[in-house]
Amino acid sequence: RHREAGDYIVIDKHGKTQKLKQYFINEKIPQEMRDSIWLVADGSQIMWIVGYRQSIGYQITEKTTKIMEICFEGK
């Protein structure tokens with residue numbers, strides 16, 4: 001899906017979050033591109049900003065028991 005109000009991403013191992021809007025500003029992603037960036041989300045929590053960053057909260061660790069593989073094709 002594309003961005004929605006309230007979207008956020010976990011940015012460090014301590015669980016610190018950042019609003020998606022602020023992430024886009026910090027990464028200097030042009031405003032006109034932001035609505036076209038694809039996201040993989042679990043509710044409002046962003047798992048993956050396709051082409052940019054994966055949430056720390058969804059990375060594989062030694063405690064991982066299940067893995068979901070997502071392949072994205074296209075623009």
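See the structure printed just above.
### What about the overall build of the protein?
Part 1: When helices and strands are counted, the protein shows 2 helices and 5 strands.
Part 2: Overall, the C-alpha framework of the protein stretches about 40 × 30 × 20 Å when taken along its three principal axes.
Part 3: Counting the 75 residues in the protein, one finds 24% classified as buried.
Part 4: Looking at the protein as shown, the accessible area adds up to about 5800 Å², and 50% of this sits on carbon and sulfur atoms.
Part 5: When the 12 basic and 10 acidic side-chain charges of the protein are each reduced to a single mean position, those positions are 6 Å apart.

### Remarks on the pairing of strand 4 (residues 45-49)
Looking along a regular strand, one sees the side chains alternate between the two faces of the sheet.
Part 1: Within strand 4, 4 of the 5 residues are buried, leaving the element largely enclosed by the surrounding structure.
Part 2: Judged from the 4 bridges that link them, strand 3 (residues 39-42) and strand 4 form a sheet pairing that is antiparallel. The partner of A41 across the bridge, within strand 4, is I46.
Part 3: Here strand 3 hands over to strand 4 after 2 residues, with G43 in that stretch at a positive phi of 70°.
Part 4: Linking strand 4 to strand 5 (residues 53-54), which pair antiparallel, is a turn of 3 residues; within it G51 sits at a positive phi near 90°.

Rules of the game
Residues numbered from 1 in each chain as written. Predicted model: local features only at pLDDT ≥ 70, side-chain atom pairs only at ≥ 80, totals over all residues. Heavy atoms only, no water. Helix = DSSP H or I, 4+ residues; strand = E, 2+ residues; numbered from the N terminus. Buried < 20%, exposed > 50% of the residue type's maximum accessible area, 1.4 Å probe, protein only. Areas by Shrake-Rupley, 256 points an atom, 1.4 Å probe, with all protein chains shown as cover. Lys, Arg positive; Asp, Glu negative; His and termini not counted. Charge placed at Lys NZ, Arg CZ, Asp CG, Glu CD. Pairing = 2+ DSSP bridges.

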